[in-house]
Amino acid sequence: MANIRKCPYKNCLHGGSIDIDKEEFVKIGNRYFHPDCFEEKRKQSVKKKCGYKKCKHDGIVNTDSDDCVEENGKYYHRDCLREKNAIAEIIDFWYREIDEDVVFNQLRKVIDQLVYQRGIDASYILFAIKKKAKFLNYPSGIYYAVGDKRLKAEWRILHEAEILKEVKAKSSKSAKMEPTFQCTETKKTQWGSDIFGGA
C-alpha cells in the first residue's frame, strides 16, 4: 500500500503528491516536501521587502545574505537601515539640541534634498550638524554646515577608519570559519628501498 502525502508547496513540480516510501523527501514538522519543491519554497521565503521606504536597492532584501539586518520585525539592507537611523538621529538631535519649535516639514525638506537629491551621506550630515550646532538656528543652515571642507576631510578620515574596522571584523569572522590544514613531514626513502629491504 502506497504511503502518499500531499506536497505543501503550492506550485508543486511533481503534481502535488509524494509517495514517501518510493521518493526522496524533506520532512519539516509533519509536512513532506519534494527536495526541489522545498528548495523553491525556501528561495521564495528568503526574499523580503526592505523596510526602508527610500531603499537604495531594488526594494527586495535577501534574508540569507550578510547584507540583511532585522529590526523590529522588518528586514533592511545594512546601508538602508544605517541611513534611516541616521536621518532619525538628525531630526532627534535637532529637536533636542538646536530648536524644539522648528517646523518639521522645513527640516525634513532640507534633509531629503541633501540625502536623496545631492547624495550626501546622512551620517555625514549628522556629524556636521553636531559639530556646527551652536551656529545653526534654521534648517537651511545645514547646507552651510555640510559644505565646510574641513569637516568633510575630518569626517572622511573617521568614516574610512570605521569601514576598515568593519572589514577587519568580517575578515576575522570568516578566518575563524575556514578549515585549517596541517602538513606532516614524511620520512624520505630511496626509490625501491621498501621493495628491496632497505638501503
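None of these values were measured; they are calculated from a predicted model.

Rules used in this analysis
Residues numbered from 1 in each chain as written. Predicted model: local features only at pLDDT ≥ 70, side-chain atom pairs only at ≥ 80, totals over all residues. Heavy atoms only, no water. Pairing = 2+ DSSP bridges. Helix = DSSP H or I, 4+ residues; strand = E, 2+ residues; numbered from the N terminus. Buried < 20%, exposed > 50% of the residue type's maximum accessible area, 1.4 Å probe, protein only. Salt bridge = Lys/Arg side-chain N within 4 Å of Asp/Glu carboxyl O. Expected span 1.5 Å × (residues − 1). Arc of directions from axis to C-beta. Contact = heavy atoms within 4.5 Å.

Visitor: Quick one: what's the story with the pairing of strand 7 (residues 68-71), residue by residue and with numbers?
Guide: Where strand 7 lies against strand 8 (residues 74-77), 4 bridges are found, and the strand directions are antiparallel. Across the sheet, residue E71 finds its bridge partner in strand 8, namely K74. Between strand 7 and strand 8, which pair antiparallel in sequence order, lie 2 residues; one of them, N72, sits at a positive phi of approximately 55 degrees.

Visitor: Pulling in residues and values, what's your account of helix 4 (residues 122-131)?
Guide: Most of helix 4 is tucked away, with 7 of its 10 residues classed as buried. Residues of helix 4 that are buried: A122, Y124, I125, L126, F127, A128 and I129.

Visitor: Explain unusual backbone geometry residue by residue, including any values.
Guide: One non-glycine residue, N72, lies in positive phi territory at about 55 degrees. The topology assignment puts N72 in the loop between strand 7 and strand 8. Residue classification places N72 among the exposed positions, given a relative accessible area of 76%.

Visitor: Just give me the short version of the pattern of salt bridges, but keep the residues and values in it.
Guide: A complete count under the given rule lists 7 salt bridges for this structure. The salt bridge involving E89 is made with K130; its shortest N-O contact spans 3.3 Å. Remark: K130 occurs in helix 4 and E89 occurs in helix 2 (residues 78-98); sequence separation between them is 41 residues. Put simply, D112 and R108 hold a salt bridge, and the shortest N to O gap is 3.1 Å.

Visitor: Before we move on, can you summarise helix 3 (residues 104-117) with the specific residues and values?
Guide: Taking 1.5 Å as the rise per residue, helix 3 with 14 residues should run 20 Å; its terminal C-alpha atoms sit 19 Å apart, in good agreement. Here helix 3 has its buried residues at L107, V110, I111, L114 and V115. Along the axis of helix 3, the buried positions cluster into a sector of 115 degrees, meaning they face one direction only. Along helix 3, exposed side chains directed more than 90 degrees from the buried face belong to N105, K109 and Q117. Where helix 3 is buried, its residues meet helix 2, helix 4 and helix 5 (141-146). G119 sits one or two residues past helix 3 and shows a positive phi near 75 degrees.

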